[in-house]
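Okay, here's what each chain looks like letter by letter:
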Amino acid sequence: MSLGSSTLHSLDTKLKVAAAKGFLGVELYWDDLFQYSLPIRNTISPHTLPETTESSLAVLLAAADIAKLAAGLHLKIISLQPFRNFDGLRNPDLREERLAEFKLWVATARQLGTNVIGVPSTLPTVKSADYTGNRDAAAADLAVLARLAKRLGVRIAYENLCFAAHVKDWEQAWDRIQLAGEPKQLLFLPDTFNICGQTYMNPEDPSGRTPDGAVNLQASLQNLINTVPMHRMPLLQVADAELLDSPLTSDHPWRKETGLTPLMALSRNARLFPFEETGYLPVLSVIQALVSAGWEGWVSMEVFSRTTQVEGERTIWEHAERAWRSWEKLANFMGWQVQPVA
């Protein structure tokens with residue numbers, strides 16, 4: 001997803017470029033895989049299967065194809081994500097539909113050779129009547145997903161989105177994880193952007209920051225490392241954000257034309273890789289805090305950006321080059337091997 005649009009740029013090209021730049025693994029974005037499956041679906045014959053069955057079969061065939069390609073490129077698929085908008089889902093018809101969808105996700109994850117599915121907290125763009133912010137309900141939903149995934153040896157990595165409908169910070173996410181039980185199946189997915197979100201960021205202010213943001217973030221990080229076992233974090237998603245020339249007030253085009261909240265508008269349009277110009281989040285402080293507490297695992301360069309929406313293969317190469325330069329700087333800063341052994 002960080003290398004280009006799912007509709008404008010092909011998944012197989014993205015994987016080849018990622019491998020060429022030196023990356024060892026990828027988080028696979030469902031939207032990319034689904035787009036890749038569409039031509040495969042057209043080859044399924046005879047067309048006597050129900051539409052949903054045809055679509056599911058095409059996705060599984062696509063996953064088998066992508067798994068083979070990734071293996072040939074020596075790329076490990078470290079997760080499949082994001083299974084959106086399930087925690088707190090109360091609409092019974094929609095819930096039944098989404099559970100059937102999740103079963104396909106689990107089968108697809110196994111076909112891809114990964115045992116982690118990323119589940120972010122529900123977005124604020126859903127129909128509010130269909131969802132609840134009740135913590136017990138969200139925890140029960142996570143437990144349902146964990147038990148379904150467990151049957152095929154897959155784990156759930158739950159992520160707070162700082163702009164979510166209900167679960168905005170890591171404390172809320174960990175609370176739901178703890179309530180759900182299933183400690184071997186339910187993990188926490190840290191993201192530098194989302195960890196900074198509620199304590200440090202205010203895109204409506206010209207500074208981009210909240211009052212006392214640095215102090216509040218450090219207190220939050222200390223609480224995080226004192227609370228969440230490091231082995232419950234399978235990977236770390238890393239992204240910075242642009243300090244914009246124009247604050248994201250209600251009349252900003254990114255909000256006025258979409259109805260998005262300030263943090264969601266920033267997240268969807270203006271993430272950056274670490275060390276890039278105009279980035280302003282204390283990303284390194286988050287990484288250092290977790291590593292000093294004993295965290296180790298995959299580092300994922302996860303960047304949503306308007307820049308990925310430019311047509312042409314050059315966009316893929318440009319983002320891969322940016323991501324690799326960022327990784328080299330991060331590895332050197334942290335004292336890590338630039339070319340680690342997977």
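Keep in mind that what you see is a predicted model, and the values were worked out from it rather than measured. (Residues numbered from 1 in each chain as written. Predicted model: local features only at pLDDT ≥ 70, side-chain atom pairs only at ≥ 80, totals over all residues. Heavy atoms only, no water.)

Asks: Looking at this structure, I do not really get the overall build of the protein chain. What am I missing?
Replies: A count of helices and strands for the protein chain gives 12 helices and 9 strands. Against the 2.2 N^0.38 benchmark of 20 Å for 342 residues, the protein chain shows a C-alpha radius of gyration of 20 Å, consistent with a compact globule. Considering only C-alpha atoms, the protein chain reaches an extent of 60 × 45 × 45 Å along its principal axes. Put simply, the protein chain has 342 residues, and 53% of those count as buried. Here the analysis covers contacts within the protein chain between residues at least 6 apart in sequence; of these, 79% occur between residues at least 24 apart. Entry remark: accessible area of the protein chain is about 14,900 Å², with carbon and sulfur atoms responsible for 50%. (Helix = DSSP H or I, 4+ residues; strand = E, 2+ residues; numbered from the N terminus. Rg over C-alpha atoms; globule rule 2.2 N^0.38 Å. Buried < 20%, exposed > 50% of the residue type's maximum accessible area, 1.4 Å probe, protein only. Contact = heavy atoms within 4.5 Å. Areas by Shrake-Rupley, 256 points an atom, 1.4 Å probe, with all protein chains shown as cover.)

Asks: Please explain the nonpolar core as it appears in this structure.
Replies: With 102 residues, the main nonpolar core has Phe102 and Ile117 as its most contacted residues. Here this core takes 8 residues from helix 12 (residues 313-334), the largest share from any one element. Dropping the residues within four chain positions of it, Phe102 is found in contact with Phe83, Ile117, Leu145, Leu148, Ala149 and Ile156. Among the nonpolar cores identified, the runner-up in size contains 5 residues, and Val116, Ala157, Leu187 and Leu235 belong to it. (Core = buried A, V, L, I, M, F, W, Y, C linked by side-chain atoms within 4.5 Å.)

Asks: Explanation requested: the packing of helix 1 (residues 11-21) against helix 12 in the structure shown.
Replies: Each pair of packed helices can be described by the angle between their axes along with the distance between the axes. For the pair helix 1 and helix 12, interaxial distance at closest approach is 10 Å and the crossing angle is 35 degrees. Remark: the crossing between helix 1 and helix 12 carries right-handed chirality. On helix 12, the residues that touch Thr13, Lys14, Val17, Ala20 and Lys21 of helix 1 are Glu313, Ile316, Trp317, Ala320, Glu321 and Trp324. (Axes fitted to C-alpha atoms, helices over the stretch in contact; angles between N-to-C directions. Left-handed = near helix turned anticlockwise from the far one by under 90°.)

Asks: What is the right way to look at the packing of aromatic side chains in this model?
Replies: Describing an aromatic ring pair means giving the distance of the ring centres and the angle of the ring planes. By the definition in use, this model includes 8 aromatic pairs. Summarising the aromatic geometry, the rings of Phe83 and Phe86 are spaced 6.1 Å apart at their centres and angled 45 degrees between planes, so their arrangement reads as tilted. According to the relative accessible area criterion, Phe86 is buried, its value standing at 1%. Cluster of aromatic residues (ring-pair linked, three or more members): Trp30, Phe83, Phe86, Phe102 and Trp105. Directly above the ring of Phe83 sits Arg98, whose terminal nitrogen or CZ lies 4.3 Å from the centroid. (Phe/Tyr/Trp six-rings, centres within 6.5 Å; stacked < 30°, edge-to-face > 60°. Lys NZ or Arg CZ within 6 Å of the ring centre and 35° of its normal.)

Asks: Can you help me understand the packing of helix 7 (residues 192-200) against helix 11 (residues 283-292) in this one?
Replies: The interhelical angle for the contact between helix 7 and helix 11, taken along N-to-C directions, is 110 degrees, at an axis separation of 10 Å. Judged by the angle between their axes, helix 7 and helix 11 are roughly perpendicular. Helix 7 and helix 11 meet at a crossing whose hand is right-handed. From helix 7, Thr192, Ile195 and Cys196 reach across to helix 11, where they touch Val283, Val286 and Ile287. (Parallel < 35°, antiparallel > 145°, perpendicular 65-115°, else oblique.)

Asks: When you look at the side chain of Arg98 in this model, what are you seeing that I'm missing?
Replies: Structurally, Arg98 is set in helix 4 (residues 92-112). Using a relative accessible area of 10% as the deciding quantity, one classes Arg98 as buried. Side chain to side chain, Arg98 and Glu101 meet in a polar contact 2.8 Å long. In this structure, Arg98 is in contact with Phe83, Arg84, Asn85, Phe86 and Leu89, ignoring residues within four places of it in sequence. (Polar contact = N/O pair within 3.5 Å; in protein donor to acceptor, adjacent residues only side chain to side chain.)

Shape is all these values report; function is a separate question.
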